[in-house]
Amino acid sequence: MRLFSLPPWLRLLAGYASMYRTRVAVGIGCSTAARVCDLLPMIIAGYAVNHITSSPDGSTGFLAYGLAVFCAFGGLAIFQSSSDYLLAAVAQCIRHDIRMKLFAKILAVDTEFIEARSKGDLLSVVTNDVDVLNVFFSETIANLVRVVISFAGTYGYLFWLDARLALILAFPLPLAFLAMRLFSRRVQPQYLTSRRAVGRFAGTLENSLQGIPVLRAYCAEQAETDRLKKESAFYRDTAVAAAKTRRNFIPIIYGIAGLSFALLIGGGGWLTQQPGGPSLGAYTTCVLMGMRLVVPIFTLTFLINQLQQAKAAATRVRELLFVTPRLADPADATDLQGIPETVRFHKIRFRYPNHPELFSDLSFTINKGEFIGIAGPTGAGKSSLIKLLLRFYGPNSGQIAINGQNLEELAAASFRKHVGYVSQHPFLFHGTVLDNLCLGSPEATDAEIQQALRQAGAEEMVRALPQGLHTILGDQGDTLSGGQKQRLSLARALLRDPEVLILDEATSAVDPATESIIHTNLMGLRKNRIIIAVAHRLSTLTSCDRILVMDQGGIVQEGPHRQLVSQEGVYQTLWQALQETPC
Ligand SMILES: Nc1ncnc2c1ncn2[C@@H]1O[C@H](COP(=O)(O)OP(=O)(O)OP(=O)(O)O)[C@@H](O)[C@H]1O
């Protein structure tokens, strides 16, 4: 089979199956043998009937027919179980492979894609859609073999046995193929909509579960239930619509099967009685095989159903697998030379997709040994600047350079491995405190862990936890307070002993006394590294070497706190507002 002539979704699945080609081939071979064994008893029955009608009374040899039928069943048992096992095992392997590939892809795609797409929908592709593909490999392939062998075997044998009877049985078949074509065309968009609806429902559900405390606080349970109900109902309706299409199709197929069988019983019976007509044995075999065709015909409806569902699921899997990350490392990416010593933003223009321009001319330089504060009103772009530096997004023009090397031409990991980052919304994974701390530093020693905790003002806090470092944190660290989460995130960043430490509102939820201790610790760490701290609470930036003040798409002021606070401008306004804010 030429792979490139297959439709894209099937080409994707064939590609995965080809990695297990031996097992798939043996599985299909066993399934084929099982179907042959399944047909054999009917053929043997025909011979037995002919034996009865053509032999004198008291003829022997029937034991051989019985034995042959028994052996056929034995073969059926062995081949069927082997094929089921092999195809199920391959299906599990492929499910695993596709899941891992999808997860790797999700990790590689642009932040823009992840931020725009519902997490529940992504989850649905990796779980539900991949499960549908598992069914394709474990059941659909076996069903396909069942149908092909049953039809080809039955008609092949019957044509050889008596072409007239075979023709009678085959007469209505073109109608069945026409009906199947119509069914496929109608049901495919319904299945695709239905798969997308599952994704949307999963997205809404995930969002609702995360927001349960907010829903409770705002007594919005009913409103959220209604929202979820709408998504669930949409999914239900699309699935029911597909089931309706299938319901309309099944009677047509059974009708055609019934017509086929009726013609055989009536027409074939008449023909058998005519001089020169088929033998009674041939008629018996034909009737038995005709009856057995009902099962494959039913399987065929089932099969088309499964194929259409697999197509819809594979289409969604493909859509995700084939997303091209714009910010992926270029093919000729180079590694950062040495450790980061200078960070330079030069004439950066940047806008989020479909949003107005955020930075029209962002330029600054930071050198090793500096503790830089970033201040500015809400929405000025402080966190966006950090996202550009981490290459979560790319500038529309201008250049970000590390040690003079263009960030976009670097292998991202060669820079990121020098970075410790605490985001505005610190994220902790389900697992122990230790697991979370060692995320970027699996080799860290006990002494290093304790030191990082001390620097982040988290030593006492961790000691007070029920199992200390081995305490399990709930999803997203929900069993900790906001300030505790921030301190653990800071300790995680410090444990990497990074040359570039980026803190985005990293201590905003920590009490002022602890925050002051943390800052003193950080000031002591700035020698030989670059520290960038974004903060609204300007009091935390007063000891910074320099503060970059952002507004209106760029840096509007720059200097140490003392200088800025004495100058008229954005910083002074922010500082005065802070002084006037009642504690
Ligand atoms: N992923 C995104 N897609 C589109 N717009 C975004 C995205 N992230 C931020 N923005 C917009 O970019 C602007 C700057 O956001 P950013 O978070 O960088 O500001 P900030 O200065 O850090 O604000 P704050 O002080 O409130 O944290 C805002 O108008 C925000 O709505």
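Keep in mind it's a predicted model, so treat the numbers as computed, not measured.

1. Comments concerning the overall build of the chain
Looking only at helices and strands, one finds 20 helices and 12 strands in the chain. Taken against the 2.2 N^0.38 rule, which gives 25 Å for 583 residues, the C-alpha radius of gyration of the chain at 35 Å runs more than 25% over that of a compact globule. With the C-alpha coordinates aligned to their principal axes, the bounding extent of the chain is approximately 120 × 50 × 45 Å. For the chain, the proportion of its 583 residues judged to be buried stands at 48%. Taking the intrachain contacts of the chain between residues at least 6 apart in sequence as the baseline, contacts between residues at least 24 apart amount to 77%.

2. Thoughts on the pattern of salt bridges
Considering all chains together, one arrives at 25 salt bridges under this definition. One salt bridge connects R35 with D38, and the closest N-O pair in it is separated by 3.4 Å. One end of the pair is R35 and the other is D38, both in helix α2 (residues 21-54) and 3 residues apart, which spans about a single turn. Exposure remark for R35: the relative accessible area of 4% places this residue in the buried category.

3. Digging into the pairing of strand β2 (residues 357-367)
Here 7 bridges tie strand β1 (residues 342-351) to β2, and the two strands are oriented antiparallel to one another. Residue pairing in the sheet places T342 in a bridge with N367 of β2. Between β1 and β2, which pair antiparallel one after the other, the connecting turn spans 5 residues, and N354 there sits at a positive phi close to 60 degrees.

4. Here we look at the site of the ligand
Close contacts around the ligand come from 16 residues, with E115, K382, S384, Q424 and H536 the closest. Backbone polar atom of G379 to an oxygen atom of the ligand: 3.0 Å apart, as the coordinates give it. Considering the ligand on its own, with 630 Å² of exposed area, one finds that the protein chains cover 68% of that surface. In terms of residues, the shell around the ligand owes the most to one element, helix α12 (residues 382-389), which gives 4 residues.

5. What to know about the UniProt feature "transmembrane region" (unreviewed entry) in the chain
When the UniProt feature table is mapped to this numbering, "transmembrane region" (unreviewed entry) covers residues 62-79, 141-160, 166-183, 252-270 and 282-304. For residues 166-183, the helix share is 89%, the strand share is 0%, and the end-to-end C-alpha distance is 26 Å. Within residues 252-270, the helical portion is 100% and the strand portion 0%, while the C-alpha atoms at the span's ends are 26 Å from each other.

6. Quick word on the packing of aromatic side chains
Taken as a whole, this structure holds 12 aromatic pairs when the rule is applied. Ring centres 6.3 Å apart and planes at 75 degrees place the aromatic pair W9 and F136 in the edge-to-face group. You can see W9 sitting in helix α1 (residues 8-18) and its partner F136 sitting in helix α5 (residues 119-161), a full 127 residues away along the chain. Looking at W9, the relative accessible area reads 11%, which means it is buried. Taking relative accessible area as the criterion, F136 reaches 8% and is therefore assigned buried. Ring plane angle 75 degrees and centroid distance 4.9 Å describe the contact between F350 and Y352, whose orientation is recorded as edge-to-face. Clustering of aromatic rings is evident, with ring pairs tying together F350, Y352, F359 and Y393. Taking NZ or CZ as reference, R318 lies 4.5 Å from the ring centre of F322, over its face.

7. Thoughts on the domain arrangement of the chain
The domain architecture assigned to the chain consists of domain 1 (8-321) and domain 2 (369-397 + 408-580). For domain 1 and domain 2, the distance between their C-alpha centres works out to 55 Å. In this complex, domain 1 contributes 4 residues to the contact, which on the side of domain 2 involves 4 residues. Buried area between domain 1 and domain 2, summed over both chains or domains, comes out near 330 Å², and the portion from carbon and sulfur atoms is 36%. Linking domain 1 to domain 2 there are 1 salt bridge. With a shortest N-O distance of 3.6 Å, E115 and K387 are connected by a salt bridge. With 3 residues, the single largest contributor to the side of domain 1 that touches domain 2 is helix α4 (residues 111-116). In the side of domain 1 that touches domain 2, the residues fall into no nonpolar, 2 polar and 2 charged.

8. Describing the UniProt feature "domain: ABC transporter" (unreviewed entry) in the chain
According to UniProt, the "domain: ABC transporter" (unreviewed entry) feature falls on residues 343-577. Across residues 343-577 one finds 32% helix and 27% strand; the C-alpha atoms that close the span lie 31 Å apart.

Criteria and thresholds
- Residues numbered from 1 in each chain as written.
- Predicted model: local features only at pLDDT ≥ 70, side-chain atom pairs only at ≥ 80, totals over all residues.
- Heavy atoms only, no water.
- Helix = DSSP H or I, 4+ residues; strand = E, 2+ residues; numbered from the N terminus.
- Rg over C-alpha atoms; globule rule 2.2 N^0.38 Å.
- Buried < 20%, exposed > 50% of the residue type's maximum accessible area, 1.4 Å probe, protein only.
- Contact = heavy atoms within 4.5 Å.
- Salt bridge = Lys/Arg side-chain N within 4 Å of Asp/Glu carboxyl O.
- Pairing = 2+ DSSP bridges.
- Near = heavy atom within 4 Å.
- Polar contact = N/O pair within 3.5 Å; in protein donor to acceptor, adjacent residues only side chain to side chain.
- Areas by Shrake-Rupley, 256 points an atom, 1.4 Å probe, with all protein chains shown as cover.
- UniProt positions renumbered as here; feature names shortened; annotations may be inferred.
- Phe/Tyr/Trp six-rings, centres within 6.5 Å; stacked < 30°, edge-to-face > 60°.
- Lys NZ or Arg CZ within 6 Å of the ring centre and 35° of its normal.
- Domains from an automatic or database assignment.
- Buried area = accessible area lost by both parts, 1.4 Å probe.
- Nonpolar A, V, L, I, M, F, W, Y, C, P; charged D, E, K, R; others polar.

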